[in-house]
There are 2 protein chains.
Amino acid sequence: MKKEKVSEAVIRRLPKYYRYLKELERIGVERISSQELSKKMGIKATQIRQDLNCFGGFGQQGYGYHVKMLKKEIKDIIGLNREYKVILVGVGNIGQALSNYSGLEKEGFNIIGIFDVNPKLIGNTIRNKTIMDIDLLYVFAKDNNIDLCIITTPKENAQEIADMVIGVGIKSIWNFAPIDVDARRGVCIENVHLNDSLYTLIYRMNDNEREDLQTKEDV
Amino acid sequence: MKKEKVSEAVIRRLPKYYRYLKELERIGVERISSQELSKKMGIKATQIRQDLNCFGGFGQQGYGYHVKMLKKEIKDIIGLNREYKVILVGVGNIGQALSNYSGLEKEGFNIIGIFDVNPKLIGNTIRNKTIMDIDLLYVFAKDNNIDLCIITTPKENAQEIADMVIGVGIKSIWNFAPIDVDARRGVCIENVHLNDSLYTLIYRMNDNEREDLQTKEDV
């Protein structure tokens, strides 16, 4: 029997559940009702029950959710129960930040290769990893069975890098270059556009100001 | 007359239009039909026309959109036609990356104050800005009419910083701490959770693998 396809919206919420449950576990909460979780997360309780039912449901009537167990289940569902081999390409500001970020390793993402084109950077180390010449990328990725490539190059190079690593057989790309990288079927891409997020914020702020003005005019 | 409220989904797409139009302008494209834009952006042409109609519509039957004009309009709509005074709190990996990122300044976001608690960091400079003691934050923000605060602290400090800057009258917060920061009415918050984006990617990659296995079993 084929499992029903989980909707994109539910998939997007999974990490949020994981984040809240991890925090609840950390502060010692053992169980939580969907109502309480709803209040904390700003997601409707019915929505929470429906979401978690997609994966079999883990709540018990009158008991709520067992925080530690549910966290573990969601961790497993996301796929955080194993280690991933990661390469990072482009040691600019964001590339450096991610290479230095120990939070990735804690969740099983081991950056085992870091690449750049800049001769001034090549040979330097970040957290004991030597920055390698991008010319070595293809062979390195081929030899090391890489799961994930983080692209933090300028936008001009992002698609080329993506094509190369897809060619080697890498199945997922986390792209920070300000361009939507295309992939072929079977390869997953997550394009992170930090500026988009900032512009959305700015739009909303300006919209609030417009509304305030409007309200004043209406009075 | 009150303008109709623009939906969250449209607001989220505005920066994407801006990004694509900027790129089209850069490579010298003068006009583009909604069909062509649709193909490039992976958004339905009807959706594009509908979205842009929310703001008055800028297309002309048989001519398409004037790239430069439309880009300028969207830039104005987002609010990128003015300068913003920004402070950044927390000079960790992401804080450093954003402080160093010249792309913010190019779009009018001037980081005029950088703050941290770490005595080893205070007094150092990033792009000619001296990192200040967080104790100075309140007075600095009060005196300088700040538009936006970027929070790049650990999660434990994020809400406190948010409350403080909201108290000073700052109307928008771009939060990178891995916690959903709460605000009061009239303050806009954009929580950026990089790990959430990674986990979504990982879920999808694992889901593809499960599907491949399923297909093989079905054969």
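These numbers come from a predicted model, not from an experiment.

1. Digging into the pattern of salt bridges
For side chains bearing opposite charge, pairing can occur when the charged atoms are close.
So, step 1. All told, the structure shown has 32 salt bridges over all chains when counted by the stated rule.
So, step 2. Here Glu23(A) makes a salt bridge to Lys155(B), at a shortest N to O gap of 3.8 Å. On the criterion of chain membership, the pair formed by Glu23(A) in helix α1 (residues 8–26) and Lys155(B) in helix α8 (residues 155–168) is interchain, its members lying in two chains.
So, step 3. Note that Lys22(B) is salt-bridged to Glu107(B), the shortest N-O span being 2.6 Å. Of this pair, Lys22(B) sits in helix α1 (residues 8–26) while Glu107(B) sits in the loop between α6 (102–106) and β5 (109–116), and the two are 85 residues apart along the sequence.
So, step 4. We classify Glu107(B) as buried; its relative accessible area is 9%.

2. Some details on the sheet that holds strand β3 (residues 64–66) of chain A
Residue and element names in this part refer to chain A.
So, step 1. In space, the three strands of this open sheet follow the order β1-β3-β2, with antiparallel pairing throughout. Across the chains shown, the open sheet's two edge strands, defined by having one partner strand only, are β1 (31–32) and β2 (59–60).
So, step 2. Judged from the two bridges that link them, β1 and β3 form a sheet pairing that is antiparallel. Directly across from Ile 32, in β3, lies its bridge partner Tyr 65.

3. Some points on α8(B)
Residue and element names in this part refer to chain B.
So, step 1. For α8, spanning 14 residues, the distance from its first C-alpha to its last is 21 Å, which sits close to the expected 20 Å at 1.5 Å a residue.
So, step 2. Of the residues making up α8, those classed as buried are Ala 158, Ile 161, Ala 162, Val 165, Ile 166 and Val 168. Along the axis of α8, the buried residues cluster in a sector spanning 145 degrees; they form a single face. In α8, the exposed residues that point more than 90 degrees away from the buried face are Glu 156 and Glu 160.
So, step 3. Those residues of α8 that are buried lie in contact with β4 (84–89), α7 (137–144), β8 (148–151) and β9 (172–175).

4. Side note on α7(B)
All names here are of chain B.
So, step 1. Listed in full, the buried residues belonging to α7 are Leu 137, Phe 140 and Ala 141. All buried residues of α7 lie within an arc of 95 degrees about the axis, which places them on one face of the element. Pointing more than 90 degrees away from the buried face of α7 are the exposed residues Val 139, Lys 142 and Asp 143.
So, step 2. Residues of α7 that are buried make contact with β4, β5, β7 (129–133) and α8.
So, step 3. Taken from the residues just after α7, Asn 145 is the one with a positive phi, measuring 55 degrees.

5. Comments concerning the interface of chain B and chain A
So, step 1. Counting residues at the interface gives 68 residues for chain B, matched by 67 residues for chain A.
So, step 2. Regarding the contact of chain B and chain A, the summed buried area is about 5800 Å², with carbon and sulfur atoms giving 57% of it.
So, step 3. Between chain B and chain A we count twelve salt bridges in total.
So, step 4. Between Arg204(B) and Glu190(A) there is a salt bridge, with the nearest N and O atoms lying 3.0 Å from each other.
So, step 5. Our count for the contact surface shared by chain B and chain A stands at 17 residue pairs in polar contact (both at pLDDT 80 or more).
So, step 6. When contributions to the side of chain B that touches chain A are tallied by element, the ones reaching two or more residues are α1, α4 (67–78), α5 (93–100), β9, β10 (188–191) and α9 (194–218) of chain B.
So, step 7. With 20 residues, α9(B) is the largest single contributor of residues to the side of chain B that touches chain A.
So, step 8. Each residue belonging to the side of chain B that touches chain A can be placed in one class, and the counts come to 33 nonpolar, twelve polar and 23 charged.

6. Here's the deal with the packing of aromatic side chains
Aromatic rings considered in pairs are described by the distance between their centres and by the relative angle of their planes.
So, step 1. The final tally for this structure, using the stated rule, is ten aromatic pairs over all chains.
So, step 2. Ring plane angle 70 degrees and centroid distance 5.5 Å describe the contact between Phe115(A) and Phe140(A), whose orientation is recorded as edge-to-face. Of this pair, Phe115(A) sits in strand β5 (residues 109–116) while Phe140(A) sits in helix α7 (residues 137–144), and the two are 25 residues apart along the sequence.
So, step 3. For Phe115(A), a relative accessible area of 0% gives the class buried.
So, step 4. Between Tyr84(B) and Phe109(B) the ring centres are 5.2 Å apart and the planes differ by 15 degrees, which places this aromatic pair in the stacked class. One end of the pair, Tyr84(B), is in strand β4; the other, Phe109(B), is in strand β5, with 25 residues separating them in the sequence.
So, step 5. In this structure Phe109(B) comes out as buried when scored by relative accessible area, which is 2%.
So, step 6. An aromatic cluster is present here, built from Tyr18(A), Tyr84(A), Phe109(A) and Tyr199(B) joined pairwise through their rings.
So, step 7. The cationic tip of Arg210(B) hangs over the ring face of Tyr203(B); the distance from NZ or CZ to the ring centre is 5.4 Å.

What counts and how
- Residues numbered from 1 in each chain as written.
- Chains lettered and ligands numbered in written order.
- Predicted model: local features only at pLDDT ≥ 70, side-chain atom pairs only at ≥ 80, totals over all residues.
- Heavy atoms only, no water.
- Salt bridge = Lys/Arg side-chain N within 4 Å of Asp/Glu carboxyl O.
- Helix = DSSP H or I, 4+ residues; strand = E, 2+ residues; numbered from the N terminus.
- Buried < 20%, exposed > 50% of the residue type's maximum accessible area, 1.4 Å probe, protein only.
- Pairing = 2+ DSSP bridges.
- Expected span 1.5 Å × (residues − 1).
- Arc of directions from axis to C-beta.
- Contact = heavy atoms within 4.5 Å.
- Buried area = accessible area lost by both parts, 1.4 Å probe.
- Polar contact = N/O pair within 3.5 Å; in protein donor to acceptor, adjacent residues only side chain to side chain.
- Nonpolar A, V, L, I, M, F, W, Y, C, P; charged D, E, K, R; others polar.
- Phe/Tyr/Trp six-rings, centres within 6.5 Å; stacked < 30°, edge-to-face > 60°.
- Lys NZ or Arg CZ within 6 Å of the ring centre and 35° of its normal.

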